[in-house]
Amino acid sequence: MIKTTLLFFATALAEIIGCFLPWLWLKRDGSPLLLIPAAFSLAMFVWLLTLHPAASGRVYAAYGGVYVVTALLWLRVVDGVKLSSYDWAGAGIAFCGMLIIVAGWGRA
């Protein structure tokens, strides 16, 4: 389960970076060259999703929980926004949901 969780965090970072770089280009007058690493990052995101052994719908459902946690951590670390207790509670619940789904892989 640790390997799966770490893989989900890597997948979430690839997706967030792949979306953040075009946002920088469009909203903060960044260089259009940011689209090159963004495309690479999004391709990496898709490839990382294929490394999971479960059916794609289960992978997407479980991944969503880790994505919530990663996005909030990105908000805190990169954007410098202080997270509320509601943010932390929601992230914890989403993460527990991921753990439950992954624990059931192969048992359905």
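- By the naming in an unreviewed UniProt entry, the protein chain goes by YnfA family protein and is assigned to Buttiauxella warmboldiae.
- Of the protein chain, the UniProt comment under Sequence similarities (unreviewed entry) reads exactly: "Belongs to the UPF0060 family."
- The Subcellular location (unreviewed entry) comment attached to the protein chain in UniProt states, word for word, "Cell membrane".

Side note on helix 2 (residues 35-49)
Okay, so step 1: Taking 1.5 Å as the rise per residue, helix 2 with 15 residues should run 21 Å; its terminal C-alpha atoms sit 21 Å apart, in good agreement.
Okay, so step 2: When helix 2 is considered as a whole, its buried residues turn out to be Ala38, Ser41, Phe45, Leu48 and Leu49. Projected down its long axis, helix 2 carries its buried residues within an arc of 100°, all on one side. Counted as exposed and oriented over 90 degrees from the buried face of helix 2: Ile36 and Phe40.
Okay, so step 3: Summarising the contacts, the buried residues of helix 2 are in contact with helix 1 (2-27) and helix 3 (56-77).

Some words on the side chain of His52
Okay, so step 1: Within the secondary structure layout, His52 lies in the loop between helix 2 and helix 3.
Okay, so step 2: Look at His52 and you get buried, because its relative accessible area is 7%.
Okay, so step 3: Every residue in contact with His52, bar those within four places of it in the chain, is listed here: Thr4, Leu7, Phe8, Thr11, Val59 and Trp105.

Comments concerning the nonpolar core
Okay, so step 1: Ranked by size, the top nonpolar core spans 15 residues in total, and within it Phe8, Val59, Ala62, Tyr63, Met98, Val102 and Trp105 carry the most contacts.
Okay, so step 2: Put simply, the parts of the chain that give this core at least two residues each are helix 1, helix 2, helix 3 and helix 4 (85-103).
Okay, so step 3: If we ignore the near neighbours within four places in the chain, the residues touching Trp105 are Thr4, Phe8, His52, Pro53, Ala54, Arg58, Val59 and Ala62.
Okay, so step 4: With six residues, the next largest nonpolar core counts Ile16, Phe20, Ala38 and Trp74 among its residues.

Structural notes on unusual backbone geometry
Okay, so step 1: Even without being a glycine, Asp29 presents a positive backbone phi close to 55°.
Okay, so step 2: With respect to the helices and strands, the residue Asp29 is situated in the loop between helix 1 and helix 2.
Okay, so step 3: Asp29 sits in the exposed class, given a relative accessible area of 72%.

Cut-offs used in this document
Residues numbered from 1 in each chain as written. Predicted model: local features only at pLDDT ≥ 70, side-chain atom pairs only at ≥ 80, totals over all residues. Heavy atoms only, no water. UniProt positions renumbered as here; feature names shortened; annotations may be inferred. Helix = DSSP H or I, 4+ residues; strand = E, 2+ residues; numbered from the N terminus. Expected span 1.5 Å × (residues − 1). Buried < 20%, exposed > 50% of the residue type's maximum accessible area, 1.4 Å probe, protein only. Arc of directions from axis to C-beta. Contact = heavy atoms within 4.5 Å. Core = buried A, V, L, I, M, F, W, Y, C linked by side-chain atoms within 4.5 Å.

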